[in-house]
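Descriptive analysis of the structure
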Amino acid sequence: MTSDAPARFVIDLHAAACERLAQVECITLITAGSATPCQVAVGLPLSYGQRRRRYPLVIVFDAAAMAGSVIEMSRLMTDTKEVRACIVVAVRTPTPALLALPGMSALLIEPLLDALTRRYRIDDRLVTVFAGGDGAAVPALEAAADARLRVFGQRKHGVPAFVDALRTTLATGVDYGRGMPALRRRLWTPVLRLLSPLMRRAMRPAAQPPALAARHRLRSEVLDRDFEIFASLPDEATPERPVPALFVLDASIEFSIVAEAARNLAAAGLIPPIAVIGVGVPRAEGHYGFAFRRFEEFSPPLDGYACDDDLGNIFRALFALRGEDARARLGRAPGMLAFLADELLPAIRHLPIDGDALGLLGHSAGATFVGYALHRPQSPFRDYIGVSPGIAISGDWLLRALPTPSAEAPARTARFVIGGEEKTNAFNIIAGIPRTRIYVEHLRARGVDVRYACHDGETHSSVYPRAVEEALRSVYAQSATPPLRRTA
């Protein structure tokens, strides 16, 4: 092991927000009339450089522990068209105690708005202020607010409450996956294949620098492609005291949400310290490269399935955009599991993690892969968390290939969560997400320690941070210890 081996893949939460994600600037603003500096992370919409329009502004105070999460969630819900594209400013300082000083909120908000408006293309008619952390800054912020500002955070705080604020102020009324059901008509596949030369050019990724350094890059020989790996380690983790590790799929877009939630819950004594290992697609492959790779890598084997049902026809149409046959591209979950077990785990053996306490978390197609891994006896994972799994992927593979009880099988826990609005959303129904409960009942009948939850009012996107926090508490709470208290 070389002297810098422990640093490979490791990333702190500040860098995870400000350096891992594209279009994020971390700056210090000295506002006029105050010597108090504001450390802020500014998440610009990914369309910011392509359009000259002005964007709504969302300011999140007391955001030191949730900066990456609020940027990721705003982008996730913008990508699904559920909320308007916006500029998110996560203010790491000042603290709520400083904001509460008489006159300090007014002294900071107006100069901060002025500084941001001069630097970015902001529609100052649409400004939302959210109090992160424990919401202690809300009274001071409300006292300083003028008619332009909408202040949130009094009764609820944290990332799920931030998502509620986004949906309240910037909702578009567009259903998740609104245009996808039309693609189930078979006529689209030949039409889109004819258009594929033009579409391939349109989907070509823009030139972007690689995320961070080469130390986050890992080549998979079994899949013949690169991944980016991000490891968030708690301070308590040492070679003598390794910690449980949770592997997070789709880390290109959802790593901070999980890593920050795990750190915050551990700091509150609600779960023990855990490591979070993110598995993502290199940024240089672009948005479309990421989207198609996850369909390929997360889908279970086709096993003779001809992709001729509604979801299969949608996949055929999507891959036709690239001039490809979905039947030749899907079904690579076996290779993905081999990468995780046989290539990634050996590559991170220098990290202080407990190899007998590994968990796997995925969302949407990633949650389908979680179910696939749960079924495989050679899977190295003990705990499984799936948010909104596509049960219908690969011809209902999860329902067709249920695990058989075995005295030799390792004890495993599973948690599956969906949003209430997914039960009526047209595309979610085609993907089989409402049938998650049926899948869970089948698992339970086969002796798996599994729990299911459906959160009313949540969509395919909005449910994610709430599901993550509750699943972390459910899986890890039994071994949590109270936070350390200072004595006089």
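All of the points below concern the structure found in this document. (Residues numbered from 1 in each chain as written. Predicted model: local features only at pLDDT ≥ 70, side-chain atom pairs only at ≥ 80, totals over all residues. Heavy atoms only, no water.)

Side note on the packing of helix α12 (residues 333-347) against helix α13 (residues 365-375)
Packed helices, taken two at a time, are described by the angle their axes make and the gap between the axes. Rules: Comment: axis = line fitted to C-alpha atoms, over the contacting stretch for helices; angle = value between 0 and 180 degrees taken between N-to-C directions. The secondary structure listing takes helices from DSSP runs of H or I that are at least 4 residues long and strands from runs of E that are at least 2 residues long, numbered from the N terminus. Roughly parallel covers angles under 35 degrees, roughly antiparallel covers those over 145, roughly perpendicular covers 65 to 115, and oblique covers all other angles. Here, residues are in contact when the closest pair of their heavy atoms is within 4.5 Å. Under this grouping Gly is polar, as are all residues other than the nonpolar Ala, Val, Leu, Ile, Met, Phe, Trp, Tyr, Cys and Pro and the charged Asp, Glu, Lys and Arg.
One can describe the packing of α12 onto α13 by two numbers: an axis separation of 10 Å at closest approach and a directional angle of 75 degrees. Regarding the angle of α12 to α13, the classification is roughly perpendicular. Along the contact surface, α12 presents Ala333, Pro334, Met336, Leu337 and Leu340, while α13 presents Phe369, Tyr372 and Ala373. Split into classes, the residues belonging to the contact of α12 with α13 amount to eight nonpolar, no polar and no charged.

Quick look at a positive patch on the surface
Test applied: Only residues above 30% relative accessible area that lack a salt bridge enter a patch, with like-charged residues linked at up to 9 Å and the nonpolar side chains Val, Leu, Ile, Met, Phe, Trp and Tyr linked at up to 5 Å. Accessibility throughout is a Shrake-Rupley quantity obtained with a 1.4 Å probe, and a residue counts as covered only by protein chains that appear here. Salt bridge, as used here, is a side-chain nitrogen of Lys or Arg placed within 4 Å of a carboxyl oxygen of Asp or Glu. Counted as positive: Lys and Arg. Counted as negative: Asp and Glu. His and the chain ends are not counted at all. Each charge is placed at NZ for Lys, CZ for Arg, CG for Asp and CD for Glu. Between buried and exposed lies partly exposed: a residue is buried under 20% and exposed over 50% of the maximum accessible area for its type, with that area taken using a 1.4 Å probe on protein chains only.
On the surface, Arg51, Arg53, Lys81 and Arg84 cluster together into a positively charged patch. With respect to the secondary-structure elements, Arg51 resides in the loop between β2 (37-43) and β3 (55-61). What makes Arg51 partly exposed here is its relative accessible area of 43%.

A few points about the sheet that holds strand β7 (residues 217-220)
The cut-off we apply is this: One bridge is not enough; two strands pair if DSSP finds at least two bridges between them.
Strand order in the open sheet formed by eight strands is β7-β8-β10-β9-β11-β12-β13-β14, and the pairing between neighbours is mixed. Only two strands of the sheet have a single neighbouring strand rather than two, namely β7 and β14 (449-455). The average undirected angle you get between the axes of adjacent strands in this sheet is 20 degrees. Two elements, strand β13 (residues 413-419) and β14, share seven bridges in a ladder whose sense is parallel. Across the sheet, the residue bridging to Thr413 is Asp449, located in β14. Along the sheet, helix α9 (residues 286-298) makes contact with β8 (225-232), β9 (243-249) and β11 (353-363), crossing β8 at roughly 90 degrees. Packed onto the sheet, helix α16 (residues 436-445) meets β13 and β14 and runs at close to 165 degrees relative to β14.

Quick notes on the pairing of strand β12 (residues 383-387)
This is how the line gets drawn: By convention a crossover is right-handed if, when the strands point away from the viewer, the path from the first strand over the helix to the second runs clockwise.
When you tally the buried positions in β12, you get five out of five residues, the bulk of the element. Side-chain alternation along β12 places Asp383, Ile385 and Val387 on one buried face and Tyr384 and Gly386 on a second face that is also buried. In the sheet, β11 pairs with β12 via five bridges, with the strands oriented parallel. Within β12, the residue paired with Gly362 across the bridge is Gly386. As for the winding sense of the linkage, the β-α-β connection from β11 through α13 to β12 is right-handed. Across five bridges, β12 lies against β13 in parallel orientation. What sits directly across from Ile385, in β13, is Arg415.

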